[in-house]
Amino acid sequence: ILNVEQSPQSLHVQEGDSTNFTCSFPSSNFYALHWYRWETAKSPEALFVMTLNGDEKKKGRISATLNTKEGYSYLYIKGSQPEDSATYLCAYYNQGGKLIFGQGTELSVKP
Amino acid sequence: KAGVTQTPRYLIKTRGQQVTLSCSPISGHRSVSWYQQTPGQGLQFLFEYFSETQRNKGNFPGRFSGRQFSNSRSEMNVSTLELGDSALYLCASSSSGGLETQYFGPGTRLLVL
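Residues numbered from 1 in each chain as written. Chains lettered and ligands numbered in written order. Predicted model: local features only at pLDDT ≥ 70, side-chain atom pairs only at ≥ 80, totals over all residues. Heavy atoms only, no water.

Enquirer: Could you clarify how one ought to interpret the state of the cysteines in this entry?
Expert: Each disulfide is one covalent bond, formed between the sulfur atoms of two cysteines. Residues and elements named next belong to chain B. Throughout the structure, instances matching the rule amount to two disulfides over all chains. There is a disulfide in this structure between cysteine 23 and cysteine 91, and the S-S distance comes to 1.9 Å. Its S-S torsion of approximately 75° makes the covalent link between cysteine 23 and cysteine 91 right-handed. With cysteine 23 in strand S3 (residues 19-24) and cysteine 91 in strand S9 (residues 87-94), this residue pair connects regions lying 68 residues apart in the sequence. According to the relative accessible area criterion, cysteine 23 is buried, its value standing at 0%. Its relative accessible area of 0% is what places cysteine 91 among the buried residues. (Disulfide = S-S within 2.5 Å. Helix = DSSP H or I, 4+ residues; strand = E, 2+ residues; numbered from the N terminus. Buried < 20%, exposed > 50% of the residue type's maximum accessible area, 1.4 Å probe, protein only.)

This is the structure we're talking about:
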């Protein structure tokens, strides 16, 4: 059974705090790891697609790393802002051709 | 480029009825995937269509079916609706599938009474 786990489930931080989330996935038959940001009442928005072990990607204040051998990815947000409040989803794509999502980490940033 | 569109946005049905949802992908995208989102389960993969062929299927009963047309537009059908089918149904498109960024539509919220 394929299982993607995200932790923590929710996080409350103050504006300016830096934060990070974890996504754990099966390390076998790995093809890609996706990160999405999902704001309430909007569509999930793609952040990164990562395929290679050791990949590091950055988009503004958000960055992500990937370890395919041990099956985890970290998402970092530097200097959180209220507009960063959203649910952050990771999804694992394997050779079976299915994109399997984690339950998400709900981030709330207070001004 | 226009984004992914889904119609209708909201739908209320009763148990036993059937429903058809529509998804128009971004122009040029050939892969369309469908997902069900419920509060307790998160985003669950239903199926993926590529060039009019179902390429992958999730663990859903046969009441859930879909198709894709030659212009890449996709429809999802749920027959004999059950209360548990109440959910947000999202579709996502990409050029070729899961190795690439998926672009999501706004979703169709289905309520089964």
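So that's the structure; there's more coming.
Enquirer: Before we go on, may I ask you to explain the interface of chain A and chain B in this structure?
Expert: Often the size quoted for an interface is simply the accessible area lost on bringing the parts together. Tallying the contact residues gives 18 residues for chain A and 22 residues for chain B. When the area that chain A buries against chain B is broken down by residue, the three leading residues are A:Trp38, A:Lys98 and A:Phe101, summing to 30%. Counting across the chain A and chain B interface gives zero salt bridges. Summed over the shared surface of chain A and chain B, the number is four residue pairs in polar contact (both at pLDDT 80 or more). Broken down by secondary-structure element, the contributors of at least two residues to the side of chain A that touches chain B are strand S4 (30-38), strand S5 (45-50), strand S9 (86-94) and strand S10 (99-101) of chain A. With five residues, S4(A) is the single largest residue contributor to the side of chain A that touches chain B. Split by residue class, the side of chain A that touches chain B holds 11 nonpolar, six polar and one charged. (Contact = heavy atoms within 4.5 Å. Buried area = accessible area lost by both parts, 1.4 Å probe. Salt bridge = Lys/Arg side-chain N within 4 Å of Asp/Glu carboxyl O. Polar contact = N/O pair within 3.5 Å; in protein donor to acceptor, adjacent residues only side chain to side chain. Nonpolar A, V, L, I, M, F, W, Y, C, P; charged D, E, K, R; others polar.)

Enquirer: Please explain the pairing of strand S11 (residues 108-112) of chain B as it appears in this structure.
Expert: The two faces of the sheet receive side chains in turn, since in a regular strand these alternate between them. Residues and elements named next belong to chain B. Across the two faces of S11 the burial differs, with Thr108, Leu110 and Val112 buried and Arg109 and Leu111 not buried at all. Two elements, strand S2 (residues 10-13) and S11, share four bridges in a ladder whose sense is parallel. Opposite leucine 11, over in S11, you have leucine 110 as the bridge partner. With three bridges connecting them, S9 and S11 associate as antiparallel partners. Residue pairing across strands places leucine 88 opposite arginine 109, the latter belonging to S11. (Pairing = 2+ DSSP bridges.)

Enquirer: In this structure, what is going on with unusual backbone geometry? I would like to understand it.
Expert: In terms of backbone geometry, most residues other than glycine have negative phi values and most peptide bonds are trans. Cis rather than trans, the peptide bond between A:Ser7 and A:Pro8 has omega equal to -5°. In this fold, A:Pro8 is placed in the loop between strand S1 (5-7) and strand S2 (10-14). B:Pro8 follows B:Thr7 through a cis peptide bond whose omega is -10°. Inspection of the secondary structure assignment puts B:Pro8 in the loop between strand S1 (5-7) and S2. The phi dihedral of A:Asn29 falls on the positive side, at around 55°, and the residue is not glycine. Along the chain, the position of A:Asn29 falls in the loop between strand S3 (19-24) and S4. The exposure class assigned to A:Asn29 is partly exposed, which follows from its relative accessible area of 44%. The backbone phi angle of A:Ala41 is positive, close to 70°, even though this residue is not glycine. For A:Ala41, the position within the fold is in the loop between S4 and S5. A residue is classified by how much of its surface remains accessible, and A:Ala41, at 80% relative accessible area, is exposed.

Enquirer: What exactly am I supposed to notice about the packing of aromatic side chains here?
Expert: Remark: the centre distance and the inter-plane angle together describe each pair of aromatic rings, the angle taken between the planes. Counted by the stated rule, this structure contains 15 aromatic pairs over all chains. Ring geometry for A:Tyr72 against A:Tyr74: centres 5.0 Å apart, planes inclined by 40°, an arrangement best described as tilted. Three or more aromatic residues joined by ring pairs make a cluster, and in this case those are A:Tyr36, A:Phe101, B:Tyr35, B:Phe45 and B:Phe104. Sitting above the plane of the B:Phe50 ring, B:Arg55 keeps its charged end 4.3 Å from the centroid. (Phe/Tyr/Trp six-rings, centres within 6.5 Å; stacked < 30°, edge-to-face > 60°. Lys NZ or Arg CZ within 6 Å of the ring centre and 35° of its normal.)

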